[in-house]
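These are the residues of each chain, in order.
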Amino acid sequence: LEKERDLILLQHALKQEQMQMKAEKDKRENGKEEGKEYAKCLRAQLKLDHEANLRLNEIRNEAFEKIALAQEKKACTEVEQRNVAIEQMKNSRQEQIRRKREEDEELKIQRMRETEKHEVDMRRHEEQELSSKHLAHAKKKEVDQSNKEIMEQKEKERKRREQEKILAREHHEINERVYLEK
């Protein structure tokens, strides 16, 4: 009886141990499966994160490219505007020089005409002086008046040239300031 009881107890203990070993084995296998599932999920998440990072980098690169293009366009526009301003200033100066030459040429022609007229008047005066002192006196007044007008004209011309020089200098200084401010 004691042997039977020992045998039953031993069988029961053996059965308990086998069940415990089976439970541990199942637990290990479940752990492996869970580990595999976790690793699979982790790999999927890493893949998603990698794809998200790639897209984010693409978006950043696109934004940087847009900013760089905008800055380059702005710089080109500023250079173009400065070149236009310089060209306008150069054209303005050339126009001033052209006008000044035309005015100088007109003045030269006018002076030549006045000189020719004056010479004609002087000859006439000399001829009239021979024929009449009275007419000579009147002609002398005319010549004096003509000379006075010529002198006044010369003085006006001198003042006009001085004024033009002052205006040209001021215009040049203004253009330089405008250029330097840009």
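Values in this document were obtained by computation on a predicted structure and should not be read as measured data.

A. Expanded view of the overall build of the chain. Tallying secondary structure elements over the chain gives 2 helices and 0 strands in all. Computed over its C-alpha atoms, the radius of gyration of the chain comes to 56 Å, more than 25% above the 16 Å expected for a compact globule of 182 residues. Overall, the C-alpha framework of the chain stretches about 190 × 20 × 10 Å when taken along its three principal axes. Every one of the 182 residues in the chain was classed for burial, and the buried ones make up 7%. Intrachain contacts of the chain at a sequence separation of at least 6 include 72% that bridge at least 24 residues.

B. Quick peek at the layout of surface pockets. Looking at the largest pocket, its volume works out to about 280 Å³. If you go around the largest pocket, the residues you meet are Arg-93, Gln-96, Ile-97, Arg-99, Lys-100, Glu-103, Glu-164, Lys-165, Leu-167, Ala-168 and His-171. Only helix 1 (2-131) and helix 2 (133-181) provide two or more residues apiece to the lining of the largest pocket. In terms of residue count, the dominant contributor to the lining of the largest pocket is helix 1 (6 residues). Each residue belonging to the lining of the largest pocket can be placed in one class, and the counts come to 3 nonpolar, 2 polar and 6 charged.

C. Layout of a nonpolar patch on the surface. Taken together, the side chains of Tyr-38, Leu-42 and Leu-46 present a nonpolar region at the surface, about 340 Å² in accessible area. Position of Tyr-38 among the secondary structure elements: in helix 1. Take Tyr-38: its relative accessible area is 57%, and that puts it in the exposed class.

D. Representation of a positive patch on the surface in the model. A cluster of like positive charges, contributed by Lys-25, Arg-28, Lys-32 and Lys-36, occupies part of the molecular surface. Turning to its location among the elements, Lys-36 is positioned in helix 1.

E. Representation of the environment of Gln-153 within the structure. With respect to the helices and strands, the residue Gln-153 is situated in helix 2. Taking relative accessible area as the criterion, Gln-153 reaches 27% and is therefore assigned partly exposed. Distance from Gln-153 to Arg-111, taken between C-alpha atoms, is 9.6 Å for residues 42 residues apart in sequence. Apart from the residues lying within four places of it in its own chain, the contact partners of Gln-153 are Gln-110 and Glu-114.

F. Region of the structure containing the pattern of salt bridges. By the definition in use, this model includes 17 salt bridges. The salt bridge partner of Glu-164 is Lys-100, with a shortest N-O separation of 3.6 Å. You can see Glu-164 sitting in helix 2 and its partner Lys-100 sitting in helix 1, a full 64 residues away along the chain. What makes Lys-100 partly exposed here is its relative accessible area of 27%. Two residues, Arg-160 and Glu-103, come together in a salt bridge whose shortest N-O distance is 3.0 Å. Within this pair, whereas Arg-160 is found in helix 2, its partner Glu-103 is found in helix 1, the two being separated by 57 residues in sequence. On the basis of relative accessibility, which here comes to 26%, the residue Arg-160 falls in the partly exposed class. Taking the relative accessible area as the measure of exposure, Glu-103 reaches 30% and is therefore partly exposed.

Basis of the calculations
- Residues numbered from 1 in each chain as written.
- Predicted model: local features only at pLDDT ≥ 70, side-chain atom pairs only at ≥ 80, totals over all residues.
- Heavy atoms only, no water.
- Helix = DSSP H or I, 4+ residues; strand = E, 2+ residues; numbered from the N terminus.
- Rg over C-alpha atoms; globule rule 2.2 N^0.38 Å.
- Buried < 20%, exposed > 50% of the residue type's maximum accessible area, 1.4 Å probe, protein only.
- Contact = heavy atoms within 4.5 Å.
- 1 Å grid on protein atoms, 1.4 Å probe; cavity = no way out; pocket = protein on both sides within 12 Å on 5 of 7 lines; lining within 4 Å.
- Points joined across faces, edges and corners; volume = space filled by probe spheres on them.
- Nonpolar A, V, L, I, M, F, W, Y, C, P; charged D, E, K, R; others polar.
- Patch = residues over 30% accessible without salt bridge, like charges linked within 9 Å, V, L, I, M, F, W, Y side chains within 5 Å.
- Areas by Shrake-Rupley, 256 points an atom, 1.4 Å probe, with all protein chains shown as cover.
- Salt bridge = Lys/Arg side-chain N within 4 Å of Asp/Glu carboxyl O.
- Lys, Arg positive; Asp, Glu negative; His and termini not counted.
- Charge placed at Lys NZ, Arg CZ, Asp CG, Glu CD.

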